[in-house]
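Residue-level structural notes
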Amino acid sequence: MRRELPIAITFVSGILFLLDYFVKIPYLSEYVVGHFLDWAIVVAAFALLLGAANLLRIHVQRIVKGKKEWWNSLILLVAMFVMAIVPIIWTQQNAVYEYLFKHFFEHLNGTMFSLLAFYIASAAYRAFRIRTKEATVLLIAAVVVMLGATPIGAAIWKGFPQYSDWLQTVFTTAGMRGIMIGASLGAMVTALRIIFGIDRSYFGGQ
Amino acid sequence: METLGIWIGALCTLAIFSYLLRENPFFRTAEHLFIGMAAGIGIFYGYQSIVTNAWNPLFNPGDEPRQWFMIVPLVLGVLLYTRFLKKGKWISRIPLGFMVGVGSALAIRGVIGASFMNQITATMSLPLWGVMSKFGIDSLLFILGVLGTLIYFYFSREQKGPLKVGASIGKWVMMIAFGASFGNTVMARMSLLVGRIYYLLGEWLAIL
C-alpha cells in the first residue's frame, strides 16, 4: 500500500495527462484532466513552502543551539520573513518592499552572478591548457565570439562580428540542435520510465 | 534614504566580492542575507500561486462559478507536510507521485513538439544551397553538423567506417558550438561584472 499507491497515482495521473494531449476523453478531459496542470502548479507551490519550512527548521535549530555564527541564521530568517510577509500584507508595490528589493536583493543577486566571471576565466585557463586539437578549436571559437561582441574586436578586424555571427548561426545552432534532438529522446524515455513505475528514484530510492 | 540605499548596495557588493580573496565572515553574512531574501520572495510567489489558482476559485469565486475541484490540490498540498510525521511520512508520497506523474507527462508533451519534431522538420526543410549565405554552402554545413552530432551520440553500433566519419564531424561541430557558447557566457558574466564595477565607481564613489 505504502509503495504501490503513490506509484499507481503517478501512473494514472501521468498516463491520463499524456493521453489528453492526443485524444480528448469525454467528461474526463474537460472536468478532471484539464485541471491537472493547475493542480500540479498548486501542489508545487505547497512544495516550495515545504522547502521554506525546512529552511526555517534548520536555522531555528542553529539559533537555539547557539552554533557558530548563529547570527547569520537570524539574519537569514529575518530577511526571509520580511520579504515574504511585507508583499503578502501590503502587495509588492509598497515602498518598503521596493526599497529592500532595489538596494539589497538586486545588488546581492547581480554580484553573486558576476562572481562567476572570475571563475569562468580560471576554468577557461585550465581547459585551454590541455593542448589538444579539440581544445584549440574551442578556444578559437570562443575568442572569435568574444571579440565579435566587443567594439575592440571590430576595431582590430572588421570580420570579427561577421564571423562571430556565422559561427553562431551555423555551428552553434547545428550542434545545439543535434544535442536537443538527442536530449528530447532521452527526456521522453525517462518520463515514460517514471510514468510506468520502472524508475522510482524520485521516492528516495525506496 | 537614497544615499543610504547606495551605501547598502555598495557594502553588499563588496562583501560578496571579498570571497575572491578567501571565504570570510562578511561574505557568509551577505550570502545568508541573499538566501533569506530569495527564499522570502519564493514564499511570496508560492503563497500567491495558491491563493490565485486554488483558494480564490474555491472560497472567493466572486462572479465566476465556484470550482469545487480545487479542493483536490489543496488537500494534496497539505498532505506533502505529512513528511514531518513519523508514522504518516509515506502519505507525502501521494502528492509527490501526482506531481511527478503530471510533470513527466508534461515533459513528453513539451519536448515532443518543440524540441523534437519541430527541430527535425526545420532541419529537413532547409534548402541545401543559398540560405544563410556566408559561403553559399552554409545550410549544407548546418545539416551535416546536425547529423554529425546525432551520429556522435549513437552508441548502438561500433563507430567505424561512415559512422566514424559522421561522429568526427559531430565532434568538431560540437567543439565550435561549445566554444561559441562559452564565449557568449563569458561576455554575459563580464557585462554583469562591468555593471557592478560601474555601480561602485559611478553611483557610490562618483568617480565615473
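Located above this text is the structure these notes cover.
Described in the following lines is the structure provided in the data block. Starting afresh in each chain, residues are numbered from 1 along the sequence in its written order. Chain labels run from A onward and ligand labels from 1 onward, assigned in the order the entries are written. A pLDDT threshold of at least 70 governs which residues receive local features in this predicted model, and a stricter bar of 80 or more applies before side-chain atom pairs are shown or counted, although totals over entire chains, interfaces and linings include all residues. To get the side-chain values, all heavy atoms of the structure are used, and hydrogens and water are removed first.

1. Quick notes on the overall build of chain A
The condition that has to hold: Helix and strand assignments follow DSSP, with helices taken as H or I runs no shorter than four residues and strands as E runs no shorter than two, numbered in order from the N terminus. The globule rule used here is 2.2 Å times the number of residues to the 0.38 power, and the radius of gyration it is set against is calculated over C-alpha atoms. Working definition: with a 1.4 Å probe on protein chains only, accessible area under 20% of the residue-type maximum means buried, over 50% means exposed, and in between means partly exposed. For this analysis, residues touch if any pair of their heavy atoms sits within 4.5 Å.
The secondary structure content of chain A amounts to nine helices and zero strands. Listing each helix as α and each strand as β along chain A from the N terminus yields α-α-α-α-α-α-α-α-α. Taken over the C-alpha trace, chain A has a radius of gyration of 25 Å; the compact-globule value for 206 residues is 17 Å, which it surpasses by more than 25%. Along the longest, intermediate and shortest principal axes, the C-alpha atoms of chain A span 65 × 55 × 35 Å. Counting all 206 residues of chain A, 40% fall into the buried class. Long-range pairs, those at least 24 residues apart, make up 26% of the contacts in chain A with a sequence separation of at least 6.

2. Some points on the interface of chain A and chain B
To keep it simple, the criterion reads: Using a 1.4 Å probe, buried area is obtained as the accessible area two parts lose upon being combined, added over both of them. Salt bridges are defined by distance alone: a side-chain nitrogen of Lys or Arg within 4 Å of a carboxyl oxygen of Asp or Glu. N or O atoms closer than or at 3.5 Å make up a polar contact, with two conditions inside protein: a donor-capable atom paired with an acceptor-capable one, and, for residues adjacent in sequence, both atoms drawn from side chains. Any residue that is not Ala, Val, Leu, Ile, Met, Phe, Trp, Tyr, Cys, Pro, Asp, Glu, Lys or Arg is counted as polar, Gly included; the first ten are nonpolar and the last four charged.
Tallying the contact residues gives 114 residues for chain A and 110 residues for chain B. The junction of chain A with chain B conceals about 10,600 Å² of combined surface from both sides, 80% of it contributed by carbon and sulfur atoms. One can count four salt bridges joining chain A with chain B. Between Lys171(B) and Glu134(A) there is a salt bridge, and its shortest N-O distance comes to 2.9 Å. Linking chain A with chain B are 21 residue pairs in polar contact (both at pLDDT 80 or more), by the criterion used here. Contributing elements (two or more residues each) for the side of chain A that touches chain B: α1 (4-22), α3 (36-64), α4 (70-90), α5 (95-114), α6 (116-129), α7 (133-148) and α9 (159-195) of chain A. Sorting elements by how many residues they give to the side of chain A that touches chain B places α9(A) first, with 26 residues. Broken down by class, the residue content of the side of chain A that touches chain B amounts to 78 nonpolar, 26 polar and ten charged.

3. Quick look at the pattern of salt bridges
When charged atoms on two side chains of opposite charge get close, those side chains can pair. This model, assessed by the stated rule, comprises seven salt bridges over all chains. Close ionic contact of Asp20(A) with Lys24(A) constitutes a salt bridge, the shortest N to O distance being 3.4 Å. Given a relative accessible area of 5%, Asp20(A) falls into the buried group. Through salt bridges with shared partners, a single network forms among Asp20(A), Lys24(A) and Arg109(B).

4. Here's the deal with helix α5 (residues 138-152) of chain B
Side chains three or four residues apart in an α-helix point the same way, a direct result of the helix having 3.6 residues per turn. Rule in force here: The length a helix should cover is 1.5 Å for every residue beyond the first.
Helix length check: α5(B), at 15 residues, gives a terminal C-alpha distance of 21 Å against a target of 21 Å (1.5 Å per residue), a fit within 8%. For α5(B), the complete set of buried residues consists of Asp138(B), Ser139(B), Phe142(B), Ile143(B), Gly145(B), Val146(B), Gly148(B) and Thr149(B).

5. What about the environment of Gly9(B)?
Among the structural elements, Gly9(B) can be located in helix α1 (residues 2-17). Separated by 191 residues in the primary sequence, Gly9(B) and Leu200(B) place their C-alpha atoms 8.8 Å from one another. In this view, Gly9(B) contacts His103(A), His107(A) and Tyr199(B); residues no more than four positions away in its chain are not counted.

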